[in-house]
Each structure stands twice: as C-alpha cells, then as structure tokens.
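Each chain is listed here by its residues.
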Amino acid sequence: MNKATTTLSYALAVSATLTFAGMAGAETSSGNNHNHSHTHDEKRSVYDGYFDDDQVKARELSDWEGDWQSVYPYLFDGTLDPVMADKAKHGDKNAGEYRAYYETGYKTDVDRIVINGTKVTFFRGKDSVIGDYETDGHEILTYKKGNRGVRFIFRKSAGDDAAPQFIQFSDHIVAPEKADHYHLYWGNDRAALLNEVSNWPTYYPSSLSGKQIAEEMLSH
C-alpha cells in the first residue's frame, strides 16, 4: 500500500490535475425490544468481523458516494488524543503505541476523496486525478485474530492515467448500506492490495469537524 500510495503521490504531484391487549401487548413490546437487541448485536458482530459468508451481498459505489476527508491530519493536532486514550483503557497498548499504530494505518497524502456516480476524484492538496469505476466483485479476508473483513472492489474503466486501476473499500459493513466512514486501498495490482493490512487510509464525511469525527470513533 505504501508503494501504491507513493506511486499515486508522484502521479498526483506531476498532474495538473400485534393481536391482544394487556399481557399480549406487553409481550409484543418485549418482543420488539428483543428484536432491536438482536439486530444491534448482529451489527456489532459484523462490525467486529464475525459474520457468515451468506451475509455478504454485492454493493454499489453509491454506498460510498459523497465528499470525504482523511483523518490522518487529526492524529497530529491532538484531535484524536481522546480516542487513543480510550483505546489504551480497553486494549493491550498504551496511548502512544496506539498513536504509532494508527499513524501507519491512516498514513496517506490523499487528503480528500469525492465520489459522484461512477466517478472518483482523488485530491492531493489542489491537485487531483479522476477515474470512472465499475464493480469488480468482493473478497472475504481472514485476519490473524480470527475475525474477517470484506473488500468491495472496483476497477477503473476510464479516466486519468494517474488514477489507480483498482480501489478496495472496507467499512465493517457486508451488505448494501450507506457507509459512514471507510478504509480505502488503491493501486494497480488487485491481488497485491488484498495483502495490504497495515496501511488503510481512513475517510469520514468532509462535513464533519475533527471533534465530531473523534466522537464518532469513541461511539464505536
């Protein structure tokens, strides 16, 4: 991924570019709470990477449509310090170690991505490249911890030469649903990208402030 990012960075740099009352009613209410709890638990399980193959469904690029910003800069201005501190309370690293881990994970020079229809525009400062992308299926990956993830893959069908040939989304969702954030992998080698698990540039809506992004992260 670092190599792919470097390649894209260089390219960008040189581009200008219910039935009864009473008890029955209580049972119905209880049932609804149970269903809500079940749905919540199921989504949590999927988010954590535990799901069955038949839960995975094809998704369209529209699930990621919008204007997105990289979270990478927020590691350096203190905005995500509360997130790192919270992870340290519940994880196996201290806050500094988590920060270092996420510095590698979030690292990217593509600070903004705009997805509109089939078009994906990658911004590096004021320079940009654009490509048209069509679905190229998905891949289910199994990680060392035993949990899994899904990469939803799109292949460039037209656009700037400097735009990556493949983009792969990972957002803790396995079926059609609008993403609220995502990790993105890009480059020209589909198979090689699937092996990248240490660098995963992460994007949240550009309409959010850094503080709002931190709050979103803490809510998970």
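A brief look at the structure comes next.

Reading the values: the criteria
Residues numbered from 1 in each chain as written. Predicted model: local features only at pLDDT ≥ 70, side-chain atom pairs only at ≥ 80, totals over all residues. Heavy atoms only, no water. Buried < 20%, exposed > 50% of the residue type's maximum accessible area, 1.4 Å probe, protein only. Helix = DSSP H or I, 4+ residues; strand = E, 2+ residues; numbered from the N terminus. Pairing = 2+ DSSP bridges. Phe/Tyr/Trp six-rings, centres within 6.5 Å; stacked < 30°, edge-to-face > 60°.

Points about the pairing of strand S7 (residues 182–187)
Here's step 1: The buried fraction of S7 amounts to six of the six residues, a majority that puts the element mostly inside the structure.
Here's step 2: On S7, burial covers both faces: Tyr182, Leu184 and Trp186 on one face and His183, Tyr185 and Gly187 on the other are all buried.
Here's step 3: Note: strand S6 (residues 166–170) against S7, five bridges, orientation antiparallel. Paired with Ser170 across the two strands is His183, which belongs to S7.
Here's step 4: Across two bridges, the pairing between S7 and strand S8 (residues 202–205) is antiparallel. Each bridged residue has a counterpart across the sheet, and for Tyr182 the counterpart in S8 is Tyr203.

Description of the packing of aromatic side chains
Here's step 1: One pass over the full model with this rule turns up 14 aromatic pairs.
Here's step 2: On the numbers, 4.2 Å between centres and 15° between planes, the contact of Trp64 with Phe169 is stacked. Here Trp64, found in the loop between helix H2 (23–47) and strand S1 (66–70), pairs with Phe169, found in strand S6; they are 105 residues apart in sequence, far enough to count as distant. Taken as a pair, Trp64 and Phe169 share a single burial class, namely buried.
Here's step 3: A ring pair is formed by Tyr72 and Phe76, whose centres lie 5.1 Å apart and whose planes are at 90°; its orientation type is edge-to-face.

Structural measurements only, silent on function.
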